[in-house]
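Fold and contact review
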Amino acid sequence: MIEQVILVNENDEQVGIMEKIEAHEKALLHRAFSVFVVNEHNEIMLQQRAFGKYHSPGLWTNTCCSHQREGESNIEAGKRRLMEEMGFVTELNELFHFIYIAPFDNGLTEHELDHVMIGSYNDLPNINPDEVASYKWMTAQHIKEDMLQQPQIYTEWFKIIFEKYYSHIS
């Protein structure tokens with residue numbers, strides 16, 4: 001199945017559909033989502049992207065993120081992808097959305113209107129090794145400090161999204 005993204009304007013109104021790679025090659029604004037799962041100790045579940053991913057392999061990022069499918073709500077998309085990547089589903093709530101641009105060293109660019117969601121979970125994930133190499137729990141403060149010390153181990157979009165998330169929860 002060829003993965004497609006929903007092209008949007010700055011008001012999050014759909015303006016078209018495009019194959020995912022083409023949208024990233026052309027740096028066109030499209031709808032996306034990012035999920036942060038937090039446990040009872042107020043730690044965030046981070047995932048390490050699988051080493052076989054076509055961009056940002058092996059880098060640490062938020063619990064999961066992807067693109068909505070046509071006709072799919074933000075929450076439905078977040079739950080679907082959480083199951084596909086991390087092997088569990090939990091209730092999600094949308095916190096905020098914003099637009100960002102993150103170029104990659106392979107010539108692709110994320111230009112997304114990103115819907116940031118939060119959920120809570122306290123058990124072990126059942127990670128999909130095609131998508132995720134590993135996971136860990138970290139407090140927001142520890143992530144913030146670690147990003148300053150080792151920014152190269154985090155995805156470009158997570159650095160941007162985390163700053164927005166951190167200011168939202170602070």
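The structure presented is a predicted model; accordingly, all values stated were derived computationally and were not measured.

1. Some points on the overall build of the chain
When helices and strands are tallied, the chain shows four helices and nine strands. In the chain, the succession of helices and strands from N to C terminus is β-β-α-β-β-β-β-α-β-β-β-α-α. The C-alpha radius of gyration computed for the chain amounts to 15 Å, which stays within 12% of the reference 15 Å derived for 170 residues, consistent with globular compactness. Dimensions of the chain, computed from the C-alpha atoms along their principal axes, are close to 40 × 30 × 30 Å. Within the chain, buried positions represent 50% of all 170 residues. Sequence separation of 24 or more characterises 61% of the internal contacts of the chain that already satisfy a separation of 6 or more. Carbon and sulfur atoms form 49% of the exposed surface of the chain, whose accessible area is close to 8,300 Å².

2. So, the pairing of strand E2 (residues 14–19)
Of the strand pairs in this sheet, strand E1 (residues 4–8) and E2 are connected by five bridges, and their pairing is antiparallel. Note on E2: the bridge partner recorded for Ile6 is Ile17.

3. Considering the pattern of salt bridges
Summed over the entire model, instances satisfying the criterion amount to 13 salt bridges. Between Glu85 and Arg81 there is a salt bridge; the shortest N-O distance is 2.8 Å. Linking Glu85 with Arg81, this pair stays in helix H2 (residues 74–86), spanning four residues, or about one helical turn. Summarising the burial analysis for this pair, Glu85 and Arg81 share the class buried.

4. Some remarks on helix H4 (residues 156–169)
For H4, spanning 14 residues, the distance from its first C-alpha to its last is 20 Å, which sits close to the expected 20 Å at 1.5 Å a residue. Among the residues of H4, those classed as buried are Trp157, Phe158, Ile161, Phe162, Tyr165 and Tyr166.

5. Quick look at the nonpolar core
With 24 residues, the main nonpolar core has Phe36, Ile44, Leu46, Ile143, Phe158 and Phe162 as its most contacted residues. Of all elements in the fold, only strand E3 (30–38), strand E4 (43–49), strand E7 (92–103), helix H3 (140–149) and H4 reach the threshold of two or more residues within this core. When residues in this core are grouped by element, the largest group, six residues, is from H4. Sequence-distant contacts of Leu46, defined by excluding residues within four places in its chain, comprise Trp60, Thr61, Asn62, Ser134, Tyr135, Lys136, Met138, Ile143, Tyr154 and Phe158.

Reading the values: rules and limits
- Residues numbered from 1 in each chain as written.
- Predicted model: local features only at pLDDT ≥ 70, side-chain atom pairs only at ≥ 80, totals over all residues.
- Heavy atoms only, no water.
- Helix = DSSP H or I, 4+ residues; strand = E, 2+ residues; numbered from the N terminus.
- Rg over C-alpha atoms; globule rule 2.2 N^0.38 Å.
- Buried < 20%, exposed > 50% of the residue type's maximum accessible area, 1.4 Å probe, protein only.
- Contact = heavy atoms within 4.5 Å.
- Areas by Shrake-Rupley, 256 points an atom, 1.4 Å probe, with all protein chains shown as cover.
- Pairing = 2+ DSSP bridges.
- Salt bridge = Lys/Arg side-chain N within 4 Å of Asp/Glu carboxyl O.
- Expected span 1.5 Å × (residues − 1).
- Core = buried A, V, L, I, M, F, W, Y, C linked by side-chain atoms within 4.5 Å.

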